[in-house]
Amino acid sequence: MVSRLSALLFLFLALRLAAAGQAAIRAGDSGDMGENAAGAPRVTQHQVLPILLRRCTVCHGSHRQEGGLDLRAKAAMLRGGKLGPVIVPGKPEESLIIEKLRSGQMPPRDRLVEASVKPIEPAEIELIARWIAAGAPEVVLEPDVATATPDPLVTDKEREFWAFRPPLPAAVPSARDAGRARNPIDAFILEKLEQVGLSLSPEADRSTLMRRAYFDLTGLPPEPAEVQAFLANRDPDAYENMIDRLLSSPRLGERWGRYWLDLAGYADSEGKREQDLPRPHAWRYRDYVIQSLNADKPYDRFLLEQVAGDELADYESAPEIHQETYDNLVATGFLRMAPDATWANITGYVPDRLEVIADEIDVLGSAVLGLTLKCARCHDHKFDPLPQRDYYRLADIFKGAYDEYDWLKPDVRPGLGPVSQDALGGRHLPYVTTAERRAWEARDAKVRQELDALKAMKPADKKESEEIEGRMRALEAQRLPEPRIQALWDRGEPSPTYIYRRGDPLSPGLLVGPGVPAVLTDGKTPFAVKPPWPGAKKTGRRLALARWLTRPEHPLTARVAVNRLWRHHFGTGIVKTLDNFGKAGAPPTHPELLDWLAREFVSQGWSLKAMHRLMMTSSTYRQSSAVTADGEKLDPDNALYSRRPLARLDAEALYDSLLLIAGRLDENRFGRADPVQVRPDGLVTPAGTARGWRRLIYVQQSRKQIPTHLETFDFPPMNPNCVERRDSTVVPQALHLMNNGMVYSLAEQFAARVSRAVGTDPAKRLEMVYWIALSRPPSAEEERLGMEALDHLADRWNEHFAAAGKPDHDAAGLSALAAFCHAIMNSAGFLYVD
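Here is what the cut-offs are and how they apply
Residues numbered from 1 in each chain as written. Predicted model: local features only at pLDDT ≥ 70, side-chain atom pairs only at ≥ 80, totals over all residues. Heavy atoms only, no water. Core = buried A, V, L, I, M, F, W, Y, C linked by side-chain atoms within 4.5 Å. Buried < 20%, exposed > 50% of the residue type's maximum accessible area, 1.4 Å probe, protein only. Helix = DSSP H or I, 4+ residues; strand = E, 2+ residues; numbered from the N terminus. Domains from an automatic or database assignment. Contact = heavy atoms within 4.5 Å. Polar contact = N/O pair within 3.5 Å; in protein donor to acceptor, adjacent residues only side chain to side chain. Axes fitted to C-alpha atoms, helices over the stretch in contact; angles between N-to-C directions. Parallel < 35°, antiparallel > 145°, perpendicular 65-115°, else oblique. Nonpolar A, V, L, I, M, F, W, Y, C, P; charged D, E, K, R; others polar. pLDDT = per-residue confidence, 0-100. Phe/Tyr/Trp six-rings, centres within 6.5 Å; stacked < 30°, edge-to-face > 60°. Lys NZ or Arg CZ within 6 Å of the ring centre and 35° of its normal. Arc of directions from axis to C-beta. Pairing = 2+ DSSP bridges.

K.L.:
Outline the nonpolar core, supporting the account with residue identities and numerical values.
P.N.:
Counting 188 residues, the largest nonpolar core has Tyr285, Leu545, Trp566, Leu597 and Phe750 as its most contacted members. Here the element with the most residues in this core is helix α14 (residues 350-369); it accounts for 11 residues. Residue assignment places this core across two domains, with domain 2 (254-414 + 488-549) and domain 4 (741-833) each supplying three or more. When residues no more than four places from it in sequence are discounted, the contact partners of Leu545 are Val307, Leu364, Leu394, Ile397, Phe398, Val516 and Phe527. In this structure, Leu96, Ile98, Leu101 and Ala136 belong to the second largest nonpolar core, which totals 21 residues.

What follows is the structure, encoded as structure tokens:
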């Protein structure tokens, strides 16, 4: 009994102490300065301002001041608007703002949905009245930011975790099987293998290596002539020369650009609502990514432009917009890709806006930092030393562009929803290159001139009138919309940032300023922010973030990037959890190799192509995929990279390859996305061109009309992005390739291509099918079975044509070849890369 009473007493005291501590935190968080003479908690502007931001500043804020009134500061309230001052300190009953709020005139109830503002609560009105009654006191409360004083929330011990320290120099080990080590990568891999009694697998044959390299770098198979030339090339550097040639191919950016677009969460529509509002200018970001990767833009510059491109140059005052300025602005589309329903008033309230901001922070965290930042939105991170304070410091960095109380809505056009209430109108900038704008203006002026001439004509009769109307419609169809850029830009004067307790904007706490996760710093260095250029109307916060991210000694940026490259080349990352380098993530299998790669990446000028070349010329990359008994026993999961894993073609590589082998790949690049067609049977198919179809990266990717092929082969929903696609093997995939009409049509065109190349000889046809589809000749057994299949199929087709009264031996042979081509398209040899 005594022990039970003691336990209850201890629990009671603990709860009392916890309540007292929380009360103290609340008082400190909100800037409370104690109690007044009557014993009631004193109210300051830090309790009142969040209310006004939530309820009023959409119409009385920085970009919109109806009645000439700004409610963001006490001085502005005293100055007032057209009706004079709205507060009389010490006299709430005489204050216009209290009168309007209590009467329900403000915010006007009939316009609440229009402005995406919820009704003000009586308790909020009374809090404002208390503040005025107390004389509208203001207290100076400095935002919580990093200073020269050691951080109180993150310790140096917590910074000792491997991922939170800068990459360390790593000595390249000496392998016993030194002859297999072509470069340092092999030495690190061999060191681990030899510790368990293994070595690298034998090198794959040359045709296998070529097919592997082509798919890895371009997402397409080599042409037969290329394979045969490579096999005949006895130059000892032939393989390395092939890698260099592929790195220079324009197809590289299309392949590796898709991986980055997944990280960004790229989509051609906003998502979330049933209307799925289009993003008509998103394609410019897709083109920017492809072109940047083809040009081997240094990764640090690539990030700098995407995080803060609008703060790199004064584009608003520039007499001309050159390519670099244009690229800088287009790059910021990286932070405009999250699903966003805030264009509609009913889904554009503060919580909806905060979801968009949280998604963009999640994109940055998962794609660039390898951290689960979103876990610190409502409370301190449960596993990593990421206080909730650091999440809101990071949110404050984005506040100049993403301000939940000064929201810039997505573009809305007639017929798709209510008109945007933002005075600046949409998220698009007009700063395309001067050359593009002049070309558009000249074209548009010519069309308008022709239209005016047609309008001025006086038709002699009804027939001529109809002809004129038809010509006018044709001219109108030729008019292109004004070229614009989907971008993120700093608008200056952001609202203050308070920590939201439990993530609730109705419960603001500590005032914070801009900052980065303290665990990734020494904890005693301020986050330096300055305007990007003299007189700039921008905060410079994202530019400071971008420069911090791209410091050579940053603990995570280079590690995360090379780990992702490694995963795409070797099947799994050195850190298997690509988006989580924290304590709950997987530890690195080869930590010294990861650090060596990260430092090498930086020393090579952040060149992605240099890292591709380094990885792909290693013996580790060139291994066979054959599984030995020792390998299966000692490295069952291939965690030590004792062999090459088989890889199935992803959705894009499969689709693009089907087009290529059929001779129907249209390699026109860039520009607006090709539309999709929603068929009556429910299939969603890309629209073709005169030459065939373009690569899948150029096909429209609306969130609710995903091409059926993509959906079947594991294309991810971008909510908000995808760091690593799942790889399923399910029945609908086989059924799609067997029964889809487009796939069979491509098989027929594949057969026609083969016939044009080698004529009607069945043996030559069979061999050419293998060279085109599988990059090798058939084996003796495959040749025997293939010839039997072609003979059998030809006999059946001859019977079919004869029964129809139209015997045609050549047509029967071509139909048999098409069926055989279709079977090869469904084969494991085509679907998998060895």
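K.L.:
Please provide a residue-by-residue account of the domain arrangement of the chain, values included.
P.N.:
Accessible area lost during the coming together of the parts is what is often quoted as the interface size. As far as domains go, the chain holds domain 1 (41-133), domain 2 (254-414 + 488-549), domain 3 (433-483) and domain 4 (741-833). Distance from the C-alpha centre of domain 1 to the C-alpha centre of domain 4: 77 Å.

K.L.:
Quick rundown of the environment of Glu667? Include the residues and the values.
P.N.:
Its location among the elements puts Glu667 in the loop between β6 (665-666) and β7 (676-678). Relative accessible area serves as the criterion here: at 28%, Glu667 is assigned to the partly exposed category. Once the C-alpha coordinates of Glu667 and Arg691 are considered, the two residues, 24 residues apart in sequence, prove to be 8.8 Å apart. A distance of 2.6 Å separates the side chain of Glu667 from the side chain of Arg251, its partner in a polar contact.

K.L.:
An account of the packing of α14 against helix α19 (residues 557-570) is needed here, citing residue identities and associated values.
P.N.:
The N-to-C vectors of α14 and α19 enclose an angle of 75°; their axes lie 8 Å apart at closest approach. Between α14 and α19, the crossing angle belongs to the class labelled roughly perpendicular. Here Ala367, Val368 and Leu369 of α14 lie close against α19, whose contacting residues are Thr557, Val560 and Arg564. Among the residues making up the contact of α14 with α19, the classes are represented as four nonpolar, one polar and one charged.

K.L.:
Outline the confidence of the model for the chain, supporting the account with residue identities and numerical values.
P.N.:
Low pLDDT marks stretches whose predicted atomic positions should not be read closely. Summary statistics for the chain give a mean pLDDT of 92 and a share of 93% for residues scoring 70 or more. Within the model, pLDDT remains below 50 along residues 5-39, and this stretch shows 26 contacts once partners closer than five positions in the same chain are excluded. Here residues 414-424 is a poorly scored stretch, pLDDT under 50, and it has 25 contacts once near neighbours within four places are set aside; other chains count.

K.L.:
Give a detailed account of the environment of Gly605, specifying residues and quantitative values.
P.N.:
Residue position: Gly605 is located in the loop between α20 (591-603) and α21 (608-616). Residue classification places Gly605 among the partly exposed positions, given a relative accessible area of 38%. Taking the C-alpha atoms as reference points, Gly605 and Tyr326, 279 residues apart in sequence, are found 23 Å from one another.

K.L.:
Break down the packing of aromatic side chains for me, citing the residues and quoting the values.
P.N.:
Counted according to the given criterion, the structure contains 24 aromatic pairs. An angle of 65° between the planes, with centres 5.4 Å apart, marks the rings of Phe601 and Trp606 as edge-to-face. Across the pair, exposure class does not vary: Phe601 and Trp606 are buried alike. Through a chain of ring-to-ring contacts, the aromatic side chains of Trp260, Tyr285, Tyr288, Tyr299, Phe302, Phe334, Phe601 and Trp606 assemble into a single cluster. Sitting over the ring of Trp343, Arg273 keeps its end group 5.6 Å from the ring centre.

K.L.:
Can you tell me about helix α8 (residues 224-232), naming the residues and giving the values?
P.N.:
Buried within α8 we find Pro224, Val227 and Phe230. Looking straight down α8, one finds that the buried residues subtend no more than 130° of arc, so they occupy a single side. Those residues of α8 that are exposed and angled more than 90 degrees off the buried face are Ala225 and Ala232. The secondary structure elements touched by the buried residues of α8 are α7 (206-218), α9 (238-247), α26 (741-758) and α27 (762-774).

K.L.:
Please give an account of helix α2 (residues 45-55) that cites residues and values.
P.N.:
Counting buried residues in α2 gives 11 out of 11 residues, a clear majority hidden from the surface. Within α2, the full set of buried residues consists of Gln45, His46, Gln47, Val48, Leu49, Pro50, Ile51, Leu52, Leu53, Arg54 and Arg55.

K.L.:
I'd love a proper account of the pairing of strand β4 (residues 508-512), names of residues and values included.
P.N.:
Among the five residues that make up β4, four are buried, leaving the element largely enclosed by the rest of the structure. Examined bridge by bridge, strand β3 (residues 497-500) and β4 share three bridges and lie antiparallel to one another. Within β4, the residue paired with Tyr498 across the bridge is Leu511.

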